[in-house]
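# Examining the three-dimensional arrangement
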Amino acid sequence: MNDSSSARPAAVLDVWCALQCPDCLSALDDLRALRARYGDRLEVRLRHFPLEKHKHAFAAAQAAEEAAEQGQAWPYIEAVLGRVEELDRRGEPVLIEVASELGLDAEEFDTALIDGRHILIVDADQAEGKAIGVTGIPTYVIGGELLDGGKSQEGLRERIEEIADRLLAGQEA
């Protein structure tokens, strides 16, 4: 989409996470609250940062990209995060089941995981995350500020809201 006059969000929140990470699951309530509070004035973007200790996180990141291609990114992300323990136990079949449950083309998910069509996006996200200093997940970036939720998420939503309010106030001036 290249309509420069369209309502571009005034603020962007990048959330670096892995869909097999229990800490990212606990961040989901904050993300829901932020999306509800700001609506389309705040663009919340999931950025992939699969950690080696989560052996299915890389596949889950690719599956999330396929869900985005099929127009269901956030419902898929939320559903997979809601099943982190099952994903841990059972692996990739869970990713296909979630796609099916959401009415997505599960066969296309299977094919995407086999042919690796989304690997470059996941790799690029991870490389960018490393370059800007992401070490733990979830990590948030808003208004040029990096907030590491990997150790503690205490107070992070409030800090994100402060920054978003400031960015949005600047847009309205």
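Located above this text is the structure these notes cover.
Residues numbered from 1 in each chain as written. Predicted model: local features only at pLDDT ≥ 70, side-chain atom pairs only at ≥ 80, totals over all residues. Heavy atoms only, no water.

Turning our eyes to something else, we now look at helix 2 (residues 57–69). When the terminal C-alpha atoms of helix 2 are compared, their 18 Å separation across 13 residues agrees well with the 18 Å that a helix rising 1.5 Å per residue should span. For helix 2, the tally of buried residues reaches 10 of 13 residues, placing the bulk of the element in the interior. Where helix 2 is concerned, the buried positions are Ala57, Ala59, Ala60, Ala61, Gln62, Ala63, Ala64, Glu65, Glu66 and Ala67. Buried residues belonging to helix 2 abut strand 2 (42–48), helix 3 (73–81), helix 4 (84–90), helix 5 (93–101), helix 6 (106–115) and helix 7 (119–132). Phi turns positive, to about 80 degrees, at Gly71, one or two residues after helix 2. (Helix = DSSP H or I, 4+ residues; strand = E, 2+ residues; numbered from the N terminus. Expected span 1.5 Å × (residues − 1). Buried < 20%, exposed > 50% of the residue type's maximum accessible area, 1.4 Å probe, protein only. Contact = heavy atoms within 4.5 Å.)

A word on the pairing of strand 3 (residues 139–142). Of the two faces of strand 3, both are covered, the one formed by Thr139 and Val141 as well as the one formed by Tyr140 and Ile142. As paired elements, strand 1 (residues 11–17) and strand 3 share four bridges and run antiparallel to each other. Residue pairing for strand 3: Trp16 is matched across the bridge by Thr139. Judged from the four bridges that link them, strand 3 and strand 4 (residues 145–148) form a sheet pairing that is antiparallel. Following the sheet pairing, Tyr140 is matched in strand 4 by Leu147. (Pairing = 2+ DSSP bridges.)

What follows is about unusual backbone geometry. In this chain, Ile137 is followed by Pro138 through a cis amide linkage whose omega measures -5 degrees. Turning to its location among the elements, Pro138 is positioned in the loop between helix 7 and strand 3.

Attention shifts here to the side chain of Gln20. Within the secondary structure, Gln20 sits in the loop between strand 1 and helix 1 (22–38). Within the structure, the side chain of Gln20 is placed 3.1 Å from the backbone nitrogen of Ala57, a separation counted as a polar contact. Contacts of Gln20, omitting those with residues within four sequence positions, involve His54, Lys55, His56, Ala57, Val84, Leu87 and Asp88. (Polar contact = N/O pair within 3.5 Å; in protein donor to acceptor, adjacent residues only side chain to side chain.)

Moving on to a negative patch on the surface. A cluster of acidic residues, Glu92, Asp105, Glu107 and Asp110, forms a negative patch on the protein surface. Structurally, Glu107 is set in helix 6. (Patch = residues over 30% accessible without salt bridge, like charges linked within 9 Å, V, L, I, M, F, W, Y side chains within 5 Å. Areas by Shrake-Rupley, 256 points an atom, 1.4 Å probe, with all protein chains shown as cover. Salt bridge = Lys/Arg side-chain N within 4 Å of Asp/Glu carboxyl O. Lys, Arg positive; Asp, Glu negative; His and termini not counted. Charge placed at Lys NZ, Arg CZ, Asp CG, Glu CD.)

With the rule as written, the count across this model stands at one aromatic pair. When the centroid spacing of 5.1 Å and the interplanar angle of 35 degrees are considered together, the rings of Tyr76 and Phe109 count as tilted. With Tyr76 in helix 3 and Phe109 in helix 6, this pair connects stretches of sequence that are 33 residues apart. For Phe109, a relative accessible area of 1% puts it in the buried group. (Phe/Tyr/Trp six-rings, centres within 6.5 Å; stacked < 30°, edge-to-face > 60°.)

Taken as a whole, the largest pocket encloses approximately 270 Å³ of empty space. For the largest pocket, the lining is made up of 14 residues, of which Val44, Arg45, Leu46, Ala73 and Trp74 are closest to its centre. Looking at the lining of the largest pocket, the elements with two or more residues in it are strand 2, helix 2 and helix 3. Counting residues per element, the lining of the largest pocket draws most heavily on strand 2, which supplies six residues. Partitioned by chemical class, the residues of the lining of the largest pocket number eight nonpolar, two polar and four charged. (1 Å grid on protein atoms, 1.4 Å probe; cavity = no way out; pocket = protein on both sides within 12 Å on 5 of 7 lines; lining within 4 Å. Points joined across faces, edges and corners; volume = space filled by probe spheres on them. Nonpolar A, V, L, I, M, F, W, Y, C, P; charged D, E, K, R; others polar.)

The analysis is restricted to geometry; functional conclusions fall outside its scope.
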